[in-house]
Amino acid sequence: MAKSIEEQIEDWGKKQLGKTKYYTKTESINPEIENALKTAPSKSGGSGTNYPDIKLFIETKSLRKIPVMIEVKGTKGALQKLTASGDVDNVKKDGTPNFTNINKYAVNGAIHYANAIINNSTSYKEVLAIGLNGYDEPSGRIIEIETYYVSLDNYCIPKRLKSYADLSFLLPKNIDKLIDEIDKSSLTEEELEAKAKEFENEIEIKLKKLNQVMQDDLKISVGSRVELVTGMIMASLGVEGKVSPLEISDLKGESGSKTNDGQVIINKIDSFLEERNLPKEKKAMIINDLSRVFIYSDLWKTINGESKLKTVYTSVKNDIMPIFTSARHLDFTGRLFNVLNAWVDIPDSDKNDVVLTPRYVTELMAKLAQVNKDSYVWDYAAGSAGFLISSMKLMIKDAEEKIKSPKELEKKIVQIKCQQLLGIEKRSDIYLLAVLNMILMGDGSSNIIHKDSLTEYEGIYEQGDLKDKPYPANVFLLNPPYSAAGKGFVFVEKALNNMKNGRAVILIQENAGSGNGLPYTKRILEKNTLLASIHMSDIFHGKAGVQTAIYVFNVGVPHDKRQMVKFIDFSNDGYTRQNRKKSSLETNLKNTDHAIERYDEIVNLVLYGKSYLHYFSEDEYTEDVISLDGNDWTYKQHQKIDTVPTQDDFMDVVKEYLSWKVSMIMKGEMSDEN
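Residues numbered from 1 in each chain as written. Predicted model: local features only at pLDDT ≥ 70, side-chain atom pairs only at ≥ 80, totals over all residues. Heavy atoms only, no water.

### Remarks on the packing of aromatic side chains
The condition is simple: Only the six-membered ring of Trp is used, alongside the rings of Phe and Tyr, when aromatic pairs are assigned; centres must lie within 6.5 Å, and planes under 30 degrees apart are stacked while those over 60 apart are edge-to-face, with the rest tilted. For the exposure calls, accessible area comes from a 1.4 Å probe over protein chains only, and a residue counts as buried if that area is under 20% of its type's maximum, exposed if over 50%, partly exposed in between. Look at NZ for Lys and CZ for Arg. If either is within 6 Å of the ring centre and within 35 degrees of the ring normal, a charge sits over the ring.
Counted according to the given criterion, the structure contains 19 aromatic pairs. The interplanar angle of 15° and the centroid separation of 3.8 Å between the aromatic rings of Tyr 164 and Phe 169 together place this pair among those described as stacked. As far as burial versus exposure is concerned, Tyr 164 and Phe 169 are alike and both buried. Cluster of aromatic residues (ring-pair linked, three or more members): Tyr 376, Trp 378, Tyr 380, Tyr 457, Tyr 461, Tyr 471 and Phe 476. Note that Lys 21 overlies the ring of Tyr 23, its terminal NZ or CZ placed 4.9 Å from the centroid. The positively charged end of Arg 598 is found above the aromatic ring belonging to Phe 616, 5.0 Å away from the centroid.

### Notes on helix 13 (residues 386-402)
The line we're drawing: Starting at the N terminus, helices and strands are each numbered in turn, a helix being any DSSP run of H or I of at least four residues and a strand any DSSP run of E of at least two. Expected span of a helix, by definition, is 1.5 Å for each gap between consecutive residues, and there is one gap fewer than residues.
With 17 residues, helix 13 should reach 24 Å at 1.5 Å per residue; the first-to-last C-alpha distance of 25 Å fits that figure. If you check which residues of helix 13 are buried, you get Gly 386, Phe 387, Leu 388, Ile 389, Ser 390, Ser 391, Met 392, Met 395, Ile 396, Asp 398 and Ala 399.

### Details of the sheet that holds strand 12 (residues 475-478)
Counted only if it meets this: Here a strand pair is declared whenever DSSP counts at least two bridges between the two strands. A contact between two residues is defined here by any heavy atoms of the two lying within 4.5 Å. Helix axes are fitted to C-alpha atoms over the stretch in contact, other axes to C-alpha atoms as well, and angles between N-to-C directions run from 0 to 180 degrees.
As summarised here, the arrangement of the nine strands in space is 11-10-9-12-13-15-14-16-19, forming an open sheet in which the pairing is mixed. Each edge of the sheet is formed by a strand with only one pairing partner; in this case those strands are strand 11 (448-449) and strand 19 (621-624). Across four bridges, the pairing between strand 12 and strand 13 (residues 502-509) is parallel. Each bridged residue has a counterpart across the sheet, and for Leu 478 the counterpart in strand 13 is Ile 506. Sheet strands touched by helix 13: strand 9 (377-379), strand 10 (421-424), strand 11 and strand 12. Its angle to strand 10, the strand with the most contacts, is close to 175°.

### Thoughts on the sheet that holds strand 5 (residues 140-151)
Within a sheet, adjacent strands bond to each other through the backbone by hydrogen bonds, running parallel or antiparallel. Strand order in the open sheet formed by six strands is 1-2-3-4-5-6, with mixed pairing between adjacent strands. Edge strands, defined here as strands with exactly one partner in the open sheet, are strand 1 (23-24) and strand 6 (159-160). Taken together, the six bridges between strand 2 (residues 54-59) and strand 3 (residues 65-73) define a ladder with antiparallel strand orientation. Note that in strand 3 the partner of Lys 55 across the bridge is Met 69. Against the sheet, helix 5 (residues 175-183) engages strand 2, strand 3, strand 4 (126-137) and strand 5, with an angle of about 90° to strand 2.

### Quick look at the environment of Ser 384
For Ser 384, the location among the structural elements is in the loop between strand 9 and helix 13. Taking the relative accessible area as the measure of exposure, Ser 384 reaches 2% and is therefore buried. Sequence separation between Ser 384 and Ile 430 is 46 residues; the distance between their C-alpha atoms is 6.0 Å.

### Overview of the confidence of the model for the protein chain
Note the following rule: Each residue carries a pLDDT score, the predictor's own confidence in it, on a scale running from 0 to 100.
Considering every residue of the protein chain, the mean pLDDT works out to 86; 90% of them sit at 70 or more. Predicted confidence in the protein chain is weakest over helix 18 (residues 585-588), with a mean pLDDT of 62, and strongest over helix 17 (residues 520-525), with 97. A low-confidence stretch, residues 343-352 stays under pLDDT 50, and its non-local contacts, those more than four residues away or across chains, total 14 contacts.

### Examining the pattern of salt bridges
Put simply, the rule is: Whenever Lys or Arg places a side-chain nitrogen within 4 Å of a carboxyl oxygen from Asp or Glu, that contact is recorded as a salt bridge.
Taken as a whole and judged by the stated rule, the model has 24 salt bridges. A salt bridge links Lys 43 to Glu 71; the shortest N-O distance between them is 2.7 Å. Of the two residues, Lys 43 sits in the loop between helix 2 (31-39) and strand 2 while Glu 71 sits in strand 3, which places them 28 residues apart along the sequence. Neither Lys 43 nor Glu 71 differs from the other in exposure class; each is buried. The network of salt bridges with common partners includes Lys 43, Glu 71 and Lys 73.

### Re the nonpolar core
Threshold: We define a nonpolar core as any set of buried Ala, Val, Leu, Ile, Met, Phe, Trp, Tyr and Cys residues linked to one another through side-chain atoms lying within 4.5 Å.
Counting residues in hydrophobic clusters, the biggest one holds 102 residues, and the most contacted among them are Leu 228, Phe 294 and Ile 550. Broken down by element, the residue count for this core peaks at nine residues, all from helix 15 (residues 428-440). One finds Ile 424, Phe 476, Phe 489 and Phe 567 within the second-largest nonpolar core, a separate group that totals 38 residues.

### Thoughts on a nonpolar patch on the surface
For clarity, the threshold we go by: Like-charged residues within 9 Å of one another, or nonpolar side chains (Val, Leu, Ile, Met, Phe, Trp, Tyr) within 5 Å, are grouped into patches, provided each residue has over 30% relative accessible area and no salt bridge. For the accessible areas, the method is Shrake-Rupley and the probe is 1.4 Å, while residue cover comes only from the protein chains on display.
A cluster of nonpolar side chains, namely Tyr 657, Leu 658 and Trp 660, defines an oily patch on the protein surface of about 330 Å² accessible area. Checked against the element boundaries, Tyr 657 lands in helix 20 (residues 647-666).

So this is what it looks like as structure tokens:
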């Protein structure tokens, strides 16, 4: 085996950087990054610290600072290890890190460092990972360089940049060109969607495994699991520079009232919420709710030296949090709720009235509402805040496309998160999920309100600088409890009465539009226009046995009886569904017929009309008027059925008659003369 020339290649790389400030393997680039590298598993999978060979920052004129991690190797074939599809091969098929590759190859090691920084720091959500390798051949020395951009916005999928012959692209005079290439390396919509589904599938697998342990081994009641896992996630997050994340070793199994594992976790949650600046009333309500599980149950008591709380937290810390950290743009807690309540089967309980809307539907509805950077979105039955998360993503994306000043963009994103999203949720356990979701999305849960939106909420901001001022909503998204009055249209009427204009998109039991939503549906038409009615597929397969529809409204404009309404049959949305409780999302929801394209087409049909028909036929789309009585909104009430017989119809009837006659003759019940 050829001798490694790694030290010589490293020296070559440092000389390439000239007077640019860089840090060697043993130097600290800054405390936050060094702590992140120390917190993550080492290159070989152990608990040792990670030591990139060369570290530096690149900085733009707008003061955007991106860490650069360079890993150096010195033997032929040690540059990188890729999968058959060309991706960096850092993860095994079972989802665990491939430490063999991470340790052996330059690029794989550099990307490991990048992920360590992104997942374990708060200031750095993008990193440049560079693999540098060299070896000697009879013809001379060969130098190899591969550069990848890794960012949280891209779900930490490494994006390869163009090839470079040396490291001069990192010099200050070339930074503008490098940043331009980085900004063009964003994932496509298809890549983002594929990664989101990969994360959702992985999240679901891990949560089901944890749920199984809580069900079979620990005998923890279903009613405690949501609060249990939600609280543990809060405890494991920490607040940079103020509250350290809860470590597994902090749970010592003591029995003291102030030192048992339950109290230790509650103290950490309390500190976390305090530093996230939650209002005192909101924090007190959450702590009171969680104390039921962590303090006033027996889960903190030890069995063979370990409490049930520690057993669960070990799984949360090791299995759930690594995925969770990388997938913060997803409605994680909505999936958590659905998994942990999958075995609830109480037909008469109000628990069965809670079905959280799938992400692909919340995203569809946000697009139908034409959500943009200037939208003010609210939801009167917020659940885990899935609609708000989907809206936030669209709003920030629109802002990034239209606002060129980094300073103004940052200001707008803060405004979107803190002022332009509002949700009301009555149930305390689900409210807790929404708070956690919005904390993770970066708004501090500022406008998630724990109230009955029908009897206690008056359409105003309830905290912050805008407290007591009207919330200027111009987008309303809702999947209401279907047991409420008018199948849930009572929520719609109240919300729309508090809006002056904008769009409302409602997912509801379909027969609410054929009379079961009265008198609310009739009154809604007095001030609002029905634009579209979409007959949905079985999106709640195995969770709720109801046929749903999406109704789209133009708010603040009375419905004109001459208005043409678009009616669409979305029965075939391209997905094939199963309801196997222990199967993965990948198994239970399969894209078998252009599902992504079909969802895009629905948006185009509603917004722009039948010229966008492609995957759907004219038999699945029609335009028609409705009465002002509020009882003829469903697709089937306007379905066009051609009753004029064709020649084929005639031939079929003749064939059936002749077949029948031959049968009767053979039975002797008719002569051939008849």
